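Descriptive analysis of the structure
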Amino acid sequence: GDPLIARVKAGQRAEAEDEVRRAGKAVLVSAAVLPLRDVRDAAVKQTEDNSALQDSAISSARTTLIIGAMALIGIAVALAMLLSRAIARPVGAITQIMGDLATGRTDLAVPDVDRRDELGDMARAVLVFRDAAIAKQAAESEAARAEAAQRMVVETVSAHLSELANGNLTATIETDFPASYGVVKTNFNNAITGLRTLISSVAEATATIRIGSDEIAQASEDLARRTEANAASLEETSAAVT
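Residues numbered from 1 in each chain as written. Predicted model: local features only at pLDDT ≥ 70, side-chain atom pairs only at ≥ 80, totals over all residues. Heavy atoms only, no water.

Applying the stated criterion to the full structure yields 11 salt bridges. R225 is paired through a salt bridge with E221; the nearest N and O atoms lie 3.0 Å apart. Separated by four residues within a single helix, R225 and E221 lie in helix α5 (residues 182–241), roughly one turn from each other. Through salt bridges that share partners, R13, E17, D18 and R21 make up one connected network. (Salt bridge = Lys/Arg side-chain N within 4 Å of Asp/Glu carboxyl O. Helix = DSSP H or I, 4+ residues; strand = E, 2+ residues; numbered from the N terminus.)

Before going further, it helps to spend a moment on the nonpolar core. In terms of nonpolar packing, the biggest core is built from seven residues, these being I94, I97, L101, L108, V110, A123 and V126. Those elements that place two or more of their residues in this core are α3 (34–102) and α4 (118–165). Here the element with the most residues in this core is α3; it accounts for three residues. Within the second largest apolar cluster, six residues are counted, among which are V153, I173, F177 and F188. (Core = buried A, V, L, I, M, F, W, Y, C linked by side-chain atoms within 4.5 Å. Buried < 20%, exposed > 50% of the residue type's maximum accessible area, 1.4 Å probe, protein only.)

This next bit is on the side chain of N189. Looking at where N189 falls in the secondary structure, it is placed in helix α5. Residue classification places N189 among the buried residues on the basis of a relative accessible area of 16%. Setting aside residues up to four positions removed in sequence, N189 forms contacts with T172 and I173. (Contact = heavy atoms within 4.5 Å.)

Turning next to the confidence of the model for the chain. Do not read the predicted coordinates in detail wherever pLDDT is low. Looking at the chain as a whole, its pLDDT mean stands at 81, while 95% of the residues score no less than 70. When mean pLDDT is compared element by element in the chain, helix α1 (residues 2–9) scores highest at 85, while helix α2 (residues 13–28) scores lowest at 80. (pLDDT = per-residue confidence, 0-100.)

What follows is about α5. The end-to-end C-alpha distance of α5 is 86 Å, a good match for the 88 Å that 60 residues give at a rise of 1.5 Å each. Within α5 the residues assigned to the buried category are K185, F188, N189 and I192. Buried residues belonging to α5 abut α4. (Expected span 1.5 Å × (residues − 1).)

In structure tokens:
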């Protein structure tokens, strides 16, 4: 190396380059370099084998990725179906029941009330709403029945009072009243019975008075006739005496 450096410093660069080329050619054909060619060939072959293995690995990885993607898609579809069955359908059913309750239907069976998750809580809340609606309907029905019973009682009593005002003392109530209005029927009938008894007593007393008055009138008439007869007799006697 030193002679070559000296030539380059001396301005003989081209000659130094030629000498290096000649030395390189001599080295490439020397016995010391031939084993290196074998090493290079082995390295090249190994590189090619590694490249083939790498290509095979890439192909396998691509196939694995495709299969994995398809598997993930299948898993996603399966999970979607499971979630649909586990969540979407129960939520849809509860929503439908809520809509039916809003329209006034109470003959509904609430599903999933035994679940221990949020859907079970929702179902139990809907069950409370349904029971409240049933209780409200029962209260409204009871109020309607009570109103109808009250109306029937008022109309019946009014009709019988009208008959009583027209002089019908036999206008007792025979219609069955609800238990809560039974005392009204009893008191009305008792009042009718008492009034009928009172008026009967008055009628009997009036009849007795009328009979007594007739007897007095008859007696007065008899007395008048006797008095008239006595007067006539007295007149005759007076005439005879005269």
